[in-house]
2 protein chains.
Amino acid sequence: MAERAGFRLQAEAARVVPGSPSRVALVTGASRGYGRALCLALAREGARCLALIARDGAQLEETAEACRRLSKDLQCEHFAGDLGKLAELESLLEPVLRYLADAVASCGGGGICELLVLHNSGSLGRMDYVQNLGAQETGAAVELNLTGVMVLTQALLQRFGPCAKGGEASLRIRVVNISSLLALQAMPCWSLYATVKAARDMYMKSLAADAKSCGFDVRTLSWAPGPMQTEMLQEVIDTCPDPEVRQQFQDMQSQGKLVEVDSSVAKLVRLLREDAYLSGAHIDYYDV
Amino acid sequence: MAERAGFRLQAEAARVVPGSPSRVALVTGASRGYGRALCLALAREGARCLALIARDGAQLEETAEACRRLSKDLQCEHFAGDLGKLAELESLLEPVLRYLADAVASCGGGGICELLVLHNSGSLGRMDYVQNLGAQETGAAVELNLTGVMVLTQALLQRFGPCAKGGEASLRIRVVNISSLLALQAMPCWSLYATVKAARDMYMKSLAADAKSCGFDVRTLSWAPGPMQTEMLQEVIDTCPDPEVRQQFQDMQSQGKLVEVDSSVAKLVRLLREDAYLSGAHIDYYDV
């Protein structure tokens, strides 16, 4: 019996990359594309527990199934909901927080436990010149891509942060914002997208400053994943009214200059494993 | 009679700085502090027409009266309302747009007519560590300081931009965002404020990129006015829970290192008069 238990512990240890923490992760926008690829990579890296959020429940279930197939000891639950509906956010988050709390409570086992939050959710919003944009689409883009991210982060910090009661003493928290080159550099017709990405970057910097001031083990990263062949890129080419912007992305596509999703995810996962980036930094795919 | 008319024209010309445009300006957050000082400076500079927005109607009327005393030919109207209440924004903006349209229609007179938009409105929001902030105060801060600014700008561009019907051909549009050092640099407990200021900066850059791509005569500026002895600064010292941040601002106050409101306004007005800044730039009081 003791032998079997010993064998099982050894087998579990083999699944975990040496030096890596016992990881509990929350991924938003997890149903497809970059979010799904991230979940699969975390499962492969030996994450202990994943919580997935996105609007499309059926696609989320596909992501969860694919993660479970990669790692039979992985706990993986999904929570379908719209992070842009602030009035419903509290009831969406309540079961997520409960699930994460259980996972965190049984995590670590004497080693380091990490709660990783990956803000991958987001929408392109309508691509157009400022004067053609309306109040409703502007409000919706800001709520989903910015306010939702802030409120979710605040709720997680409140529950798992250093002042929370009953928290795991050795819990470390990492918050990753999937950002964009557009957070730094403006282009015609991208105002909705660029504005919220710049805001998210500064929110991550602010959280890093908070943590540093208080000595919390919370670090943040804004990750620009590079221009990838995703549905979003196709949407840019199909809908952007600015001919130069359209041409630029079409050229990248036809000249094979787009970044592979898996290559981008691999670089991010390595950054997270090494855990040596400057907290609050904006790091681009081409920087590392 | 001809002599009197001629004399009057001469007197009017003397009021206007040589080379300056005939200016119609909209100022938000105009009821007090930096906004009021800006309105007075624009009146002194010979603005033709001012539209003032803020929440407090009585204080707005005081600003308007003070402006009219400085320049008897100035048209100055005020519109009390809350730019953070998006559901009411359309009805707040409707009379503002009508008033500005009349002013623009009779502006220029063969010379340049400028529509200047000064986004001075804004709130500090609660100063606290991210984990102590709630959903409601976060949503309110984002709506007032970011979404409201975007929707107002879009409405103005739609009405007066180059594609608008019946616009004055020679109209030039300048949009100024009152920004902050916090738009670039994070500090503990400033997440709500810094996030929206960074977002506004990028929105201005995006609008500049739109205009450049289309050949519009629209230019934007993000102006960081410097640390001033305003009610906002006192609020920081009184409410910020981070002792180092409080100390830093107290030290600036006690060591006389704060910027005078009128000095900051004068630098901004000079930038606007010279109209030579790079469109979309973030310029700080200490840069010029």
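Just above, that's the structure.
Definitions and cut-offs
- Residues numbered from 1 in each chain as written.
- Chains lettered and ligands numbered in written order.
- Predicted model: local features only at pLDDT ≥ 70, side-chain atom pairs only at ≥ 80, totals over all residues.
- Heavy atoms only, no water.
- Core = buried A, V, L, I, M, F, W, Y, C linked by side-chain atoms within 4.5 Å.
- Buried < 20%, exposed > 50% of the residue type's maximum accessible area, 1.4 Å probe, protein only.
- Contact = heavy atoms within 4.5 Å.
- Helix = DSSP H or I, 4+ residues; strand = E, 2+ residues; numbered from the N terminus.
- Phe/Tyr/Trp six-rings, centres within 6.5 Å; stacked < 30°, edge-to-face > 60°.
- Least-squares fit on C-alpha atoms with pLDDT ≥ 70 in both.
- Axes fitted to C-alpha atoms, helices over the stretch in contact; angles between N-to-C directions.
- Parallel < 35°, antiparallel > 145°, perpendicular 65-115°, else oblique.
- Left-handed = near helix turned anticlockwise from the far one by under 90°.
- Nonpolar A, V, L, I, M, F, W, Y, C, P; charged D, E, K, R; others polar.

Caption draft 1: View of the nonpolar core. Grouped together as the largest cluster of nonpolar side chains are 90 residues, with contacts concentrated most on Leu-100 of chain A together with Leu-100 of chain B. Sequence-distant contacts of Leu-100 of chain B, that is, excluding residues within four places in its chain, are made with Val-24, Leu-26, Ala-51, Leu-115, Leu-156 and Phe-160 of chain B.

Caption draft 2: Spotlight on the environment of Ala-141 of chain A. Tracing the backbone shows Ala-141 of chain A in helix H5 (residues 135-160). Counting along the chain gives 54 residues from Ala-141 of chain A to Thr-195 of chain A, while the straight-line C-alpha distance between them is 9.9 Å.

Caption draft 3: Fine view of the packing of aromatic side chains. Residue and element names in this part refer to chain A. Counted according to the given criterion, the structure contains eight aromatic pairs over all chains. Arranged with centres 5.8 Å apart and planes meeting at 35°, the rings of Trp-190 and Phe-249 form a pair that is tilted. Within this pair, whereas Trp-190 is found in the loop between strand S5 (171-178) and helix H6 (191-214), its partner Phe-249 is found in helix H8 (residues 243-254), the two being separated by 59 residues in sequence. Across the pair, exposure class does not vary: Trp-190 and Phe-249 are buried alike.

Caption draft 4: Representation of the relation of the copies chain A and chain B. Its rotation angle being 180°, the transformation that places chain A on chain B also includes 0.0 Å of axial translation and leaves an RMSD of 0.0 Å. What the superposition gives is, in effect, a two-fold axis relating one chain to the other. Among all C-alpha atoms of chain A, that of Ala-199 of chain A lies closest to the rotation axis, at 2.3 Å. A share of 100% of interface residues in chain A that are also interface residues in chain B marks the association as one of identical surfaces.

Caption draft 5: Examining unusual backbone geometry more closely. Despite not being glycine, Asp-275 of chain A shows a phi value in the positive range, around 55°. Residue classification places Asp-275 of chain A among the buried residues on the basis of a relative accessible area of 17%.

Caption draft 6: Representation of the packing of helix H7 (residues 231-239) of chain B against helix H8 (residues 243-254) of chain B. Residues and elements named next belong to chain B. Running from N to C, H7 and H8 point in directions that differ by 135°, and their axes come no closer than 8 Å. The pairing of H7 with H8 is recorded here as oblique in orientation. Of the two possible hands of crossing, H7 and H8 adopt the one that is left-handed. Facing Leu-233, Gln-234, Val-236 and Ile-237 of H7, the residues of H8 in contact are Val-245, Arg-246, Phe-249, Gln-250 and Gln-253. In terms of residue class, the contact of H7 with H8 is made up of five nonpolar, three polar and one charged.

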